[in-house]
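Per-entry structural report
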Amino acid sequence: MKAIELEKAYNPKDFEDRIYSQWLDNGCFKPASDEASPLHQTYLDKKAKNPNVAKYTVVIPPPNVTGVLHMGHGLNNTLQDIVVRYHRMKGDNTLWLTGTDHAGIATQNVVERQLKKEGKTRNDLGREAFLERTWKVKEEHHNIIVKQQQKLGNSTDWDRERFTYDEGLSAAVRDVFVTLYERGLMYRGKRLVNWCPRCGTALADDEVDHEDTPGAMYHLYYEYADGSGKIEVATTRPETFFGDTAVAVNPTDERYTALVGKKLKLPITGKEIPIIADEYVDKEFGTGMVKITPAHDPNDWEVGKRHNLEVVNLLTPDGRLNENVPEKYQGLKPEAARKLVIEDLEAAGLFKGEEKMVHSVGHCYRCKTVVEPYLSDQWFVKMKPMADKALAAWKKGEIKFFPQKWENTYEQWLVNIRDWCVSRQIWWGHRIPVWYCQKCGEVIVSRTDPDKCPKCGCGAADLKQDEDVLDTWFSSWLWPFSTFGWPEDTPDMREFYPTTALVTAYDIIFFWVARMIMAGLEFTGKAPFHDIYIHGLVRDKQGRKMSKSLGNGMDPLEIIDMYGSDALKFTLGYMAAQGQDVLVDKDSFKMGSRFCNKVWNASRYILGNLEGRNLIPVSDSDLTELDRWIYSCLNRAVETARNAFENYRYNDGASALYEYFWNDYCDWYVEATKLSFRNGDDKEKDRAASVLLNVLEESLRLLHPYIPFVTEEIYSKLPLAEIIENRKKAGEQKIVSSSLYTGLLVDAPYPEFTSARADSAITARFDVLKDLIRGIRGLRVECGLDPASKLHVAVKITAGSSAEVIREKTDMIELLAGVRKVDFVDAAPAKSIGTVGSGFEAFLLADEGINTEQLKARFEKEIAAEEAAVKKSEAKLSGNFAAHAPAEVVQAERDKMAESQRRIEKLSGYVKSL
């Protein structure tokens with residue numbers, strides 16, 4: 001046959017876009033149960049034998065339509081794609097459903113920033129015009145995100161793409177809101193909420209980022225109303241004292257027992273407030289007296305409820321002081337008011353002083369504005385009943401976390417859960433399906449827009465819909481089932497729900513993961529997924545989170561442009577150790593690129609050397625010991641990879657594939673087969689070429705989930721028709737692959753572990769050969785000998801050991817170690833340098849090919865350098881360094897000294913031998 005030419009250089013730009021289009025055109029990402037899937041007939045055949053065909057369903061964590069994907073998305077999408085491709089090849093009915101999130105506050109912020117540049121606000125446009133503009137922004141960003149995901153190689157079913165604000169999901173959101181209301185789990189009330197003055201909306205507790213911020217503890221005096229003296233209180237926010245409605249002490253604090261019920265006079269205003277007793281107060285902290293401001297502190301709110309205290313709100317929606325403070329402070333931001341209040345307190349002799357401190361301050365998770373506790377009417381979901389179900393599901397094993405440590409976080413959050421504030425004072429999002437009758441005050445909660453009041457009968461014109469929208473996460477928590485058409489009983493809902501796995505980062509375990517589980521159990525009666533793989537975050541090499549402010553972010557498309565999608569995918573998979581963050585820079589992706597290049601070059605060598613060869617049927621009986629060894633290596637890699645995929649141990653899988661293909665297949669097997677092409681007759685060359693191709697074909701199937709593009713491109717060049725025809729002729733084999741698949745690699749069957757390939761005896765024999773060859777190569781480097789020089793070695797073998805294989809494989813040793821002659825001896829030869837392995841000792845003979853004096857001089861020079869290093873380490877370890885340096889640094893120095901001492905001993909032995 002003719003040689004098959006691959007391009008000389010691996011260049012992913014030549015084929016990645018073309019291959020992705022080919023996958024799309026052929027319906028390769030559709031589940032096998034779809035008629036359009038290339039695997040549909042296989043699926044039907046399986047279903048005829050067993051109606052319960054295994055499925056694997058994943059819904060993508062939908063990215064926000066506010067911008068472009070960052071490297072965190074790159075990691076998340078990569079990990080999903082790897083495991084989805086495996087399950088598709090494994091034969092499961094596989095669906096990866098994609099989509100995007102409307103991201104209420106974040107998307108509205110994008111549009112409002114645009115308007116601000118134009119000197120406008122959303123109110124200038126009005127609600128309808130503002131929403132039209134936001135839809136345009138959504139479409140622009142959505143198109144960018146789709147292109148990015150396709151460049152990443154995401155094998156998602158694009159025909160099933162969803163959006164959290166599309167018509168179907170909007171219907172699901174309404175249904176859930178009304179259902180919760182009907183079940184007594186949705187209510188409206190005046191409560192203290194987290195308020196973002198910049199966004200002008202309430203936030204849920206888990207939408208507040210707490211950051212350490214410089215501040216101060218201010219000490220104030222409050223006078224007794226009867227003029228008999230004063231007390232001291234402390235606060236980080238003195239401007240809020242206008243909203244104080246009590247001062248609390250602990251009921252067990254004997255210092256203040258007699259004061260309970262006594263009246264105090266607020267500074268500046270003269271308003272009288274009582275001293276109350278409440279166990280919330282820590283009597284050991286400060287003076288043991290705490291000012292209570294129910295409208296501006298969550299703890300004070302609870303105290304106020306217990307004591308029926310007045311609640312005085314001091315803020316306007318945009319975060320300024322309102323009419324409940326003296327006129328001179330009205331309209332000021334809290335920081336400005338604080339400065340003025342302190343000046344006035346000092347003037348009145350009621351300010352003791354301040355202490356600088358750093359304390360935790362809540363910030364809006366989107367715009368980073370300081371969040372204010374704010375009293376307002378909001379809609380809340382009663383979470384405790386649903387949290388109890390979610391805890392029970394975990395305890396019964398209905399959900400499983402990978403890694404398991406996240407179960408503790410999940411449990412703690414559910415045990416300590418608070419009601420969820422779901423109303424937002426913005427325009428972009430699902431509008432709350434509640435109407436208020438302007439005639440009779442009736443509150444109407446409805447799945448459809450009402451046309452009249454059910455109480456007084458007035459028409460739609462007199463019904464006013466609630467102005468607020470729902471929290472973005474209120475649609476996201478329904479994602480695993482609303483995307484399949486729920487609440488309708490759709491074919492997709494029956495086929496794919498509950499889903500199999502969720503792959504997501506740990507920073508949204510509260511926002512999203514736990515809520516999805518609660519929603520799934522509440523509305524479908526089932527947990528929405530079984531496996532929950534929580535991966536780490538992508539950070540820079542210094543361990544810092546990537547951000548615009550630090551300038552350390554990376555665009556996945558830039559990396560793909562530099563190295564290709566496969567390089568990005570393999571590198572991230574290789575580095576994604578369970579439970580750890582991924583630390584990368586741009587150079588990190590060279591590793592993945594080098595691996596893809598190795599796969600390309602090895603395949604190019606094999607295909608390029610088919611000139612004049614005839615591919616023949618290969619049976620197990622035709623295999624040499626070398627062939628059986630590589631099949632044993634392949635078998636181990638298959639076992640490790642499959643186990644890694646099933647348990648979301650991506651780095652273990654990538655490491656196993658790297659080790660197998662780079663080392664076992666390329667560096668040992670392919671190199672060793674050169675003996676067949678160098679010394680064999682045509683029959684042996686045809687046999688060797690046929691085995692090489694068989695192993696390469698299966699290896700490409702093995703590697704595909706991690707590096708799909710390059711493997712697909714190479715697979716398309718294989719003489720697959722001839723390979724399959726010869727497999728048919730050979731018949732069913734136990735070691736040689738019997739796969740007769742002829743389609744695209746993306747849908748090919750994944751290799752399977754088989755006990756027939758496992759051969760520990762052959763593995764042990766080849767381990768000895770590899771050990772010996774590595775030892776000889778090491779001696780060559782140690783002696784600084786020319787890599788092209790042919791060496792003379794002697795080997796002493798322990799009788800009856802696996803090392804007996806060395807006698808049988810001298811031709812392989814000579815080829816791979818660059819040896820011209822191998823002698824077998826019973827004792828160490830004179831003037832030789834040795835290395836020891838399992839069952840053997842090998843010696844490099846210093847004969848006429850080696851300048852002994854020059855070699856001795858080299859070793860003696862190295863010994864002197866190592867002795868100097870030891871002295872330097874000894875001096876360091878005997879001084880102040882050992883006493884004051886960190887323990888790990890001291891240990892590193894000790895290890896360094898020990899390595900130098902071992903090297904001195906080794907080199908001295910060489911000199912003595914010479």
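Please refer to the structure placed before this passage.
What the protein chain contains, in helices and strands, is 30 helices and 29 strands. With respect to the three principal axes, the spread of C-alpha positions in the protein chain is 110 × 75 × 55 Å. Residues classed as buried in the protein chain amount to 55% of the 914 residues present. A separation of at least 24 residues holds for 76% of the contacts in the protein chain among residues at least 6 apart in sequence. Element-wise, carbon and sulfur atoms account for 48% of the exposed surface of the protein chain, whose accessible area totals about 39,600 Å².

Turning our attention to the environment of Arg-544. Note on placement: Arg-544 falls in the loop between β24 (538-539) and α16 (556-563). Taking the C-alpha atoms as reference, Arg-544 lies 8.6 Å from Leu-583; in sequence the two are 39 residues apart. If sequence neighbours within four positions are ignored, Arg-544 has contacts with Arg-539, Leu-550 and Asn-552. In this structure the side chain of Arg-544 is engaged in a polar contact, spanning 2.8 Å, whose partner is the side chain of Asp-540.

The sheet built from 3 strands is open, its strands ordered β19-β18-β20 with antiparallel pairing. Strands with a single pairing partner mark the edges of an open sheet, and in this sheet they are β19 (443-445) and β20 (463-465). Across the sheet, the axes of successive neighbouring strands diverge by a mean angle of 30°, strand direction being ignored. Relative to β19, strand β18 (residues 434-437) runs antiparallel, the two being bridged by 3 bridges. By the bridge assignment, Val-434 is partnered in β19 with Val-445. Its contacts with the sheet place helix α7 (residues 167-182) against β18, β19 and β20, and it is angled at close to 125° to β19.

By secondary structure assignment, the location of Lys-382 is in the loop between β14 (372-381) and α10 (384-395). Relative accessible area serves as the criterion here: at 35%, Lys-382 is assigned to the partly exposed category. In sequence terms Lys-382 and Cys-421 are 39 residues apart; their C-alpha atoms lie 9.2 Å from each other. If we ignore the near neighbours within four places in the chain, the residues touching Lys-382 are Gly-184, Leu-185, Tyr-187 and Asp-419.

Taken together, Arg-113, Lys-116, Lys-117, Arg-198 and Lys-548 make up a surface patch of like positive charges. Relative to the helices and strands, Lys-117 is located in helix α4 (residues 104-117). On the accessibility criterion, Lys-117 (77% relative accessible area) is exposed.

Soluble globular proteins: nonpolar side chains tend toward being buried together. In terms of nonpolar packing, the biggest core is built from 219 residues, with Phe-474, Tyr-665 and Ile-806 touching the most fellow members. One finds Trp-195, Leu-314, Leu-315 and Ala-337 within the second-largest nonpolar core, a separate group that totals 37 residues.

Moving on, we get to the side chain of Asn-154. Residue placement: Asn-154 occurs in the loop between α6 (127-152) and β4 (162-163). Within the structure, the side chain of Asn-154 is placed 2.9 Å from the side chain of Asn-77, a separation counted as a polar contact. Other than its neighbours up to four places away in sequence, Asn-154 contacts Tyr-20, Phe-29, Ile-60, Asn-77, Asp-81, Trp-96 and Gln-149.

Reading across the sheet, the 4 strands line up as β27-β26-β29-β28 and stay open at both edges, with mixed pairing between neighbours. Of all strands in the sheet, those bounded by a partner on one side alone are β27 (819-824) and β28 (832-837). Looking at each pair of strands side by side, their axes are set apart by 25° on average, direction ignored. Taken together, the 5 bridges between strand β26 (residues 791-797) and strand β29 (residues 840-845) define a ladder with antiparallel strand orientation.

Next up on the list: the packing of α10 against helix α15 (residues 509-524). Across the interface, α10 lies against α15 with an axial gap of 9 Å and an inter-helix angle of 100°. Here α15 runs roughly perpendicular to α10, going by the angle between their axes. Contacts between α10 and α15 pair Met-386, Ala-387, Lys-389, Ala-390 and Ala-393 from the former with Ile-517, Met-518, Leu-521 and Glu-522 from the latter. Grouping the constituent residues of the contact of α10 with α15 by class yields 7 nonpolar, no polar and 2 charged.

Taken as a whole and judged by the stated rule, the model has 66 salt bridges. For Glu-713, the salt bridge identified is with Arg-18, shortest N-O distance 3.0 Å. Of this pair, Glu-713 sits in helix α23 (residues 708-717) while Arg-18 sits in helix α1 (residues 16-25), and the two are 695 residues apart along the sequence. We note a salt bridge from Lys-138 to Glu-139, for which the minimum N-O separation is 2.8 Å. According to the relative accessible area criterion, Lys-138 is buried, its value standing at 7%. Owing to a relative accessible area of 36%, Glu-139 belongs among the partly exposed residues under this scheme. Via salt bridges that share partners, Lys-30, Asp-34, Asp-157, Asp-159, Arg-160 and Asp-492 belong to a single interconnected network.

This part covers the packing of aromatic side chains. Tallied over the full model, the rule gives 51 aromatic pairs. Aromatic pair Phe-570 and Tyr-706: ring centres 6.0 Å apart, planes at 70°, arrangement edge-to-face. Note that Phe-570 is positioned in helix α17 (residues 565-575) and Tyr-706 in the loop between α22 (682-703) and α23, a separation of 136 residues in sequence. For the pair Phe-570 and Tyr-706, one class covers both residues: buried. Across from the ring centre of Tyr-224, 4.9 Å away, lies the NZ or CZ of Lys-262, which sits over that ring. Here the guanidinium or amino end of Arg-515 rests over the ring plane of Trp-420, the centre of that ring lying 3.9 Å away.

A few words now on the pairing of β18. The two faces of β18 match: Val-434 and Tyr-436 on one face and Trp-435 and Cys-437 on the other face are all buried. Here β18 folds back onto β19 in antiparallel fashion, the turn holding 5 residues, of which Gly-441 has a positive phi close to 85°.

Residue Pro-403 follows Phe-402 across a cis peptide bond; omega there is -5°. Note that Pro-403 resides in the loop between β15 (400-402) and α11 (406-415). Across the junction of Trp-486 and Pro-487, the peptide omega takes the value 15°, indicating a cis bond. One can find Pro-487 in the loop between α13 (479-482) and α14 (491-496). Of note in this structure, Ala-103 is not a glycine but carries a positive phi near 50°. With respect to the helices and strands, the residue Ala-103 is situated in the loop between β3 (99-100) and α4. Positive phi, close to 55°, is recorded for Tyr-648, a residue that is not glycine.

What counts, and where the lines are drawn
Residues numbered from 1 in each chain as written. Predicted model: local features only at pLDDT ≥ 70, side-chain atom pairs only at ≥ 80, totals over all residues. Heavy atoms only, no water. Helix = DSSP H or I, 4+ residues; strand = E, 2+ residues; numbered from the N terminus. Buried < 20%, exposed > 50% of the residue type's maximum accessible area, 1.4 Å probe, protein only. Contact = heavy atoms within 4.5 Å. Areas by Shrake-Rupley, 256 points an atom, 1.4 Å probe, with all protein chains shown as cover. Polar contact = N/O pair within 3.5 Å; in protein donor to acceptor, adjacent residues only side chain to side chain. Pairing = 2+ DSSP bridges. Axes fitted to C-alpha atoms, helices over the stretch in contact; angles between N-to-C directions. Patch = residues over 30% accessible without salt bridge, like charges linked within 9 Å, V, L, I, M, F, W, Y side chains within 5 Å. Salt bridge = Lys/Arg side-chain N within 4 Å of Asp/Glu carboxyl O. Lys, Arg positive; Asp, Glu negative; His and termini not counted. Charge placed at Lys NZ, Arg CZ, Asp CG, Glu CD. Core = buried A, V, L, I, M, F, W, Y, C linked by side-chain atoms within 4.5 Å. Parallel < 35°, antiparallel > 145°, perpendicular 65-115°, else oblique. Nonpolar A, V, L, I, M, F, W, Y, C, P; charged D, E, K, R; others polar. Phe/Tyr/Trp six-rings, centres within 6.5 Å; stacked < 30°, edge-to-face > 60°. Lys NZ or Arg CZ within 6 Å of the ring centre and 35° of its normal.

In short, shape yes, function no, at least from these values alone.
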